[in-house]
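Here's the letter readout for the chains.
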Amino acid sequence: MQNIKSICIYCGCGCNLNFYLKNGKIEKILPDKADPVSEGKSCMKGLTINEVVGKGRIISPMIRKSKKLKKVSWEEAYKYIYKNTKDLEPDEIFFSPSGKITNEDNFIMQKFARIVFGTNNIDSCCSRICHQATVQGLRNIFGNPANPWRFDEIYDRDCMLIIGSNPASNYPVLFNKILLMKEKGMKILSVQPIINLTSKYADENLLVYPGTEVVLLNGIMNFLVEQKAYEKGVENIDGFKELSNLVKEYSIEKVCDICKIKQEQFIKFAEVVANSKSLGIIHGMGLTQHVNAIENIHSLLNLLLLKGGKLLSCRGEVNVQGVDDMACSPVMLPVDGMVNFTRLEKLWERKVTIKKGKSLLEAFLISPVKAAFISSFNPAQSLPNLNEVHKNLKKMFLVQMDCYFNLTSSFAKVILPTPLLIERFGTITNGERRVRLVRKVVDQKNAKPEWIIFKELSQYFGLAKHFNYKNEREIFREIVEVIPAYSMIDVDFVYEGNDGWADKEIKFKKFIPERFEGVEDVRSKKYPFLLITFRSQYHFLTGEATSKSKTLRKFKIDFCYISTDDARKLKLKDGDKVRVSSSSGSVVAKVKIDNTMPEGTVGMHFHSEKVLVNKLFPTKFDEETLTPNLKVVGVKIKKV
Ligand code: SF4
C-alpha cells in the first residue's frame, strides 16, 4: 500500500498522519510515531478522516438563479462573480480566509482583496471568533503575536494550570503529555465553570462563576506577591509596581465572594501555584469568547510572567496561527512598518491601502457588506445573533468556497468546490508556530484551491500579472519575502518535508494590570438559567466534516444538559424536548440529565446544525479584540 504523510485536517495541534492508499483511496490512517507533536498518539478525529473524505462534497461550481442553485462551468461562475462585484466600493466587499486551508491559499486571498479591491475588509473566523484575544494579549505583553513556547515544553513543567479549556477532551495529544508528567508528579489545577473531563484528572478544581476569572487571577497574584512567591527579577519588569499595587485590592474574602468559591479551596489552590518552580498554563475559549476577553488574557499572562511560566495552550483550526500570520486581518498588512510597506508596494507593483477594514462581526452583523468571499467558513451557524446574521446573508452577494455544503450554502449566490486540506499542497502553521508541509494525499477532481481560484479570477479584473504563480512553492517564497516573522524560514527545507519555525522570540516583557469591572449577571427573573456552551471530543466546530463520519456521528450533540435538581423542578426526564430561549432567539433540544451540572446552569454543544445554539447569543463582544461572547448567556427553559 502506498503511504503518504500529511497533516490532519482538524485542530491546531496539526499532527502528522500516515495515510495508506489502495487504488487512489485512503484505506487506513495511522499516527506518525516520529511526529514530535503527536508522538504517535493522534486522536480519533484524525484517524477517521477516511470516513469523511468522499461524503457530501461540493463537486461543481454553482450559481443561484431564480432562487435555485444550478451547476455551471468555472468560467460561467467567474463571469457571474465579476459581473456582480466589479463596481463595488472597497468598503462594500469582504473576504474571509480560513484556518482550514494552507498559508499559500490564505496569502493569495488577502493579496487579491488588497490588490483587486483595495480593501482591508479581511478577517478569518477561526482567529477572530476563537483566539483574537490570545494573539493580541501575546502581542501586548511579549511583543510577538504568537506563542513563544512549544508543546513539548510541557515536559519541563511541575504544575499545569488549565483554565477555560478542556484539553483531555479537545486536545488529547497535549493531554497525553500532561498525563505522562502527572505520573512523574506534575500537579494539575483546573479552573472551569462546570466539571469537565479534564477536571476529573485534576489535583485541585475550582468551579468559578463565569466571567469572574480576572478576580481569581488577581487574587492568586496577590497571594504570590504577599508571599514573595514569584520569579526572581520580575520586580524589574515594566508594570510590576502597578500590578502589585492593584492586586492588593483582591483579598481572599473578596475573591471567594465574587467567584463563589470556598476560602480553604482557594488557599489550597494558590499554595500549589506558589510552590510551583516551573508553572505551565493552558487556556481556551472559556477565557476568550467573552466581552472581557482581553482583560482575561492580560491577567492570565500577568500571572505567567510573575511565575516565569510557559503558555502551552492549543488553539482552534489546523492553520489558526497561519491565517493570522498571512495578514488575513483588517488591521494588519503583511509588513512591519513604513519601510517594509514601501517595499511591499514595490514588490506588488500596486498601491496598498492602510485604511482599517471591517472585522467579521462588522461585515456580517454591525454594518453588513454588499458582497463577501468566504472560504471554509459557516457564518450561518458560527456567528452570534444568528437570526440577524441570516437576514443579512439573504441580502448579500455571497461567494462560498468550500468542500461541503452547510447551512451557509442556502444563502450563497455562488458556490465553488475547494479541496480538503489533504487534497492540497502547501504549508500550515500550527498553534506553536511550527510551519509544516501539507502533502496532497488524494485528488479531488473539479475542486480548486483558493490560490488557483483567485489567480483565474484576477484575469477578469485585468490584474492577472499580479497573480502569475506557477505553484505553491513560488507563493511560499513570496510569503518568506513579505512576512517578517517568516523571513528566517528556508523554503526548500520546509518543502522537503521538514518543520520550520516562524518567529517565536519574546521582544519585550510588560505587565498589564487589569481591574475587575464587574460581570454582567446574565441570569434574570425572565431568563433564570445560565447557558454555557462547550465542545464535544468527537466533533469539530460546525461539524460539516465530523458529521459525515460513521464513527463520530454516533456521538450525539443536540442535547441540553441540565442538573438533576432542575430537571426535577421542571418535571423533565431524559429525552424530553425543551425550548431554550434567550433575549435574541430560541432553539429546541433534547434533555439530558447530568448530575455534574450545577443547579441553575445548563450546557449545550455548539456543533449541531439542527440545534443552532448561537441564536441564543445577542451581539456582544470584547471591544479591543471584537471577539464575541459565545460562552455564557441567560436563558429560560420550557418543555415542548
Ligand atoms: Fe491531532 Fe488535532 Fe487531528 Fe486529533 S484533531 S489528530 S489532536 S490534529
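Residues numbered from 1 in each chain as written. Predicted model: local features only at pLDDT ≥ 70, side-chain atom pairs only at ≥ 80, totals over all residues. Heavy atoms only, no water.

Colleague: Can you lay out the overall build of the chain for me, pointing to particular residues and giving the numbers?
Modeller: Counting its regular elements, the chain contains 22 helices and 23 strands. The C-alpha radius of gyration of the chain comes to 24 Å, within 12% of the 26 Å expected for a compact globule of 640 residues. Within the span of the chain, comprising 640 residues, buried residues form 65% of the whole. A fraction of 75% describes how many contacts in the chain between residues 6 or more apart in sequence connect residues 24 or more apart. Summing over all exposed atoms, the chain offers an accessible surface of approximately 24,300 Å²; the carbon and sulfur share of this is 50%. Counting 96 positive and 73 negative side-chain charges, the chain places the averaged centre of each group 7 Å from the other. (Helix = DSSP H or I, 4+ residues; strand = E, 2+ residues; numbered from the N terminus. Rg over C-alpha atoms; globule rule 2.2 N^0.38 Å. Buried < 20%, exposed > 50% of the residue type's maximum accessible area, 1.4 Å probe, protein only. Contact = heavy atoms within 4.5 Å. Areas by Shrake-Rupley, 256 points an atom, 1.4 Å probe, with all protein chains shown as cover. Lys, Arg positive; Asp, Glu negative; His and termini not counted. Charge placed at Lys NZ, Arg CZ, Asp CG, Glu CD.)

Colleague: Break down the domain arrangement of the chain for me, citing the residues and quoting the values.
Modeller: Interface size, as often reported, equals the accessible area lost upon joining of the parts. Considered domain by domain, the chain is made up of domain 1 (2–51), domain 2 (74–126 + 321–501), domain 3 (129–311) and domain 4 (529–639). A separation of 26 Å is found between the C-alpha centroids of domain 3 and domain 4. Listed by partner, the interface residues are 25 residues for domain 3 and 23 residues for domain 4. Both sides of the domain 3 and domain 4 interface together cover about 1,900 Å² of buried area, and 66% of this is carbon and sulfur. Together, Ile-194, Gln-289 and Val-291 form the three largest contributors to the area buried by domain 3 at its contact with domain 4, with a combined 28%. Put simply, domain 3 and domain 4 have zero salt bridges between them. Taken together, the links from domain 3 to domain 4 amount to two residue pairs in polar contact (both at pLDDT 80 or more). At the level of elements, α5 (132–142), α6 (167–170), α12 (285–288) and α13 (293–307) are the ones that each hand at least two residues to the side of domain 3 that touches domain 4. The biggest single contributor to the side of domain 3 that touches domain 4 is α5, with four residues. Classifying every residue of the side of domain 3 that touches domain 4 by side-chain character gives 14 nonpolar, ten polar and one charged. (Domains from an automatic or database assignment. Buried area = accessible area lost by both parts, 1.4 Å probe. Salt bridge = Lys/Arg side-chain N within 4 Å of Asp/Glu carboxyl O. Polar contact = N/O pair within 3.5 Å; in protein donor to acceptor, adjacent residues only side chain to side chain. Nonpolar A, V, L, I, M, F, W, Y, C, P; charged D, E, K, R; others polar.)

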